[in-house]
Amino acid sequence: MEGGHLPRLVSARLGPGAPVTRTDSLALWAVLAALFVAAETLAHVRAHRVRSIGSLAAPLLARTPWRIAILLGWMWLGWHFFAR
Amino acid sequence: MTVADRRPVATRRPSPATVVLLLVAAAYAGWAATTTPFTFEGDVATAIPLVVLAAAVLAQWLARDRGVPGPLRRLDPPASTTGAVWPVPAALGGLLGWELYNYFSLPRALHPTVSSLYDAAAGATAWKAVIFLAWLALGWALVRR
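Just so we're clear, the structure is a prediction, and the values are computed from it rather than from any experiment.

Criteria and thresholds
Residues numbered from 1 in each chain as written. Chains lettered and ligands numbered in written order. Predicted model: local features only at pLDDT ≥ 70, side-chain atom pairs only at ≥ 80, totals over all residues. Heavy atoms only, no water. Helix = DSSP H or I, 4+ residues; strand = E, 2+ residues; numbered from the N terminus. Buried < 20%, exposed > 50% of the residue type's maximum accessible area, 1.4 Å probe, protein only. Areas by Shrake-Rupley, 256 points an atom, 1.4 Å probe, with all protein chains shown as cover. Contact = heavy atoms within 4.5 Å. Buried area = accessible area lost by both parts, 1.4 Å probe. Salt bridge = Lys/Arg side-chain N within 4 Å of Asp/Glu carboxyl O. Polar contact = N/O pair within 3.5 Å; in protein donor to acceptor, adjacent residues only side chain to side chain. Core = buried A, V, L, I, M, F, W, Y, C linked by side-chain atoms within 4.5 Å. Phe/Tyr/Trp six-rings, centres within 6.5 Å; stacked < 30°, edge-to-face > 60°. Arc of directions from axis to C-beta. Axes fitted to C-alpha atoms, helices over the stretch in contact; angles between N-to-C directions. Parallel < 35°, antiparallel > 145°, perpendicular 65-115°, else oblique. Nonpolar A, V, L, I, M, F, W, Y, C, P; charged D, E, K, R; others polar. Patch = residues over 30% accessible without salt bridge, like charges linked within 9 Å, V, L, I, M, F, W, Y side chains within 5 Å.

**Comments concerning the overall build of chain A**
When helices and strands are counted, chain A shows three helices and zero strands. Going from the N terminus to the C terminus, chain A shows its helices and strands as α-α-α. Burial analysis of chain A (84 residues in total) assigns 25% to the buried set. On chain A, roughly 5900 Å² of surface is accessible, and the fraction owed to carbon and sulfur atoms is 70%.

As structure tokens, this is what we get:
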């Protein structure tokens, strides 16, 4: 290229973004947890508008294989957190 | 909307049996929170609810064959089957997606998973007791359905 001027083909904005901090991660955890609590609360306050996790899980729990799988999941959760 | 629809959702007072059960569960969670993982006491504290719940589920399964509801089953009407399905699964999906992203990202200090958040919280016995009680409540809710 004449004159020694190379065009800037890549914008500086395409470089690596700002690093994720622990505060960012915790903030997103808090937002997602708050959304879940809000949805579940709404389901209990306005049951005819939003289905609760209980009403969604009821058909699964009525079937023995799913019931066993969900209960095993509960057992694993407790063992993972409190025993191991 | 009828007058019945405007009624507060929870107007029932808990029965004495429910209060006693809650106090027993809270006391148990308080004791379990003082145990340490990877110890005999920690194993026993966790295993007792597992055995109780497994026995209840087995009794329910045997009772179903006899055509009766079985122990601990709720007899009140089933939950509403109308309304939007997506909000709760969407919120759960968001939590699961964030958990997976953090699980496969390092360092853990910058990408905390549920387990690492629990480890931080469980350093305080009171928090561990609350989490243990929530786990018991979840198991109770599952076995009641």
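**Some details on the interface of chain B and chain A**
Opposite the 52 residues of chain B that make contact, chain A presents 40 residues. With both sides pooled, the region where chain B packs onto chain A buries about 4200 Å², and carbon together with sulfur makes up 71% of that total. On the chain B side of the contact with chain A, V88, W98 and L142 of chain B bury the most area, a combined 16% of that side's loss. Our enumeration of links across chain B and chain A arrives at zero salt bridges. Connecting chain B to chain A are 11 residue pairs in polar contact (both at pLDDT 80 or more). At the level of secondary structure, the elements contributing two or more residues to the side of chain B that touches chain A comprise helix 2 (40–65), helix 3 (87–103), helix 4 (114–121) and helix 5 (125–144) of chain B.

**Observations concerning the nonpolar core**
The nonpolar side chains of a soluble globular protein tend to be buried, and buried together. Ranked by internal contacts, the top residues of the largest apolar core, which has 22 residues, are W74 and F82 of chain A together with Y28, L53, F132 and W135 of chain B. Those elements that place two or more of their residues in this core are helix 2 (53–61) and helix 3 (64–83) of chain A together with helix 1 (16–32), helix 2 and helix 5 of chain B.

**Topic: the packing of aromatic side chains**
One pass over the structure, following the stated rule, counts 11 aromatic pairs over all chains. Pairing F82 of chain A with Y118 of chain B gives two aromatic rings, centres 5.7 Å apart and planes at 80°, and the pair type is edge-to-face. Of the two residues, F82 of chain A is situated in helix 3 and Y118 of chain B in helix 4; the pairing between them involves two chains. When the ring of Y28 of chain B is compared with that of F132 of chain B, the centres are 6.0 Å apart and the planes differ by 50°; the resulting orientation is tilted. Taken together, the residues Y28 of chain B in helix 1 and F132 of chain B in helix 5 connect sequence positions 104 residues apart. Clustering of aromatic rings is evident, with ring pairs tying together W74, F81 and F82 of chain A together with Y28, W31, Y118, F132 and W135 of chain B.

**Re helix 2 of chain A**
Along helix 2 of chain A, the residues classified as buried are G54, S55, A57 and L61 of chain A. With its buried residues spanning 165° around the axis, helix 2 of chain A presents them on a single face.

**Structural notes on the packing of helix 2 of chain B against helix 5 of chain B**
All names here are of chain B. Relative orientation of the contacting elements helix 2 and helix 5 amounts to 10°, with a least axis distance of 10 Å. When the interaxial angle is binned, helix 2 and helix 5 end up roughly parallel. Of the residues in helix 5, those in contact with A45, T46, P49, L50, L53, A56, V57 and Q60 of helix 2 are F132, W135, L136, G139 and V143. Residues that form the contact of helix 2 with helix 5 fall into these classes: 10 nonpolar, three polar and no charged.

**Some points on a nonpolar patch on the surface**
All names here are of chain B. Together, L96, L100, Y103 and F104 make up an exposed nonpolar region whose accessible area comes to about 480 Å². When you line up the elements, F104 lands in the loop between helix 3 and helix 4. Looking at F104, the relative accessible area reads 67%, which means it is exposed.

These figures capture arrangement, not role.
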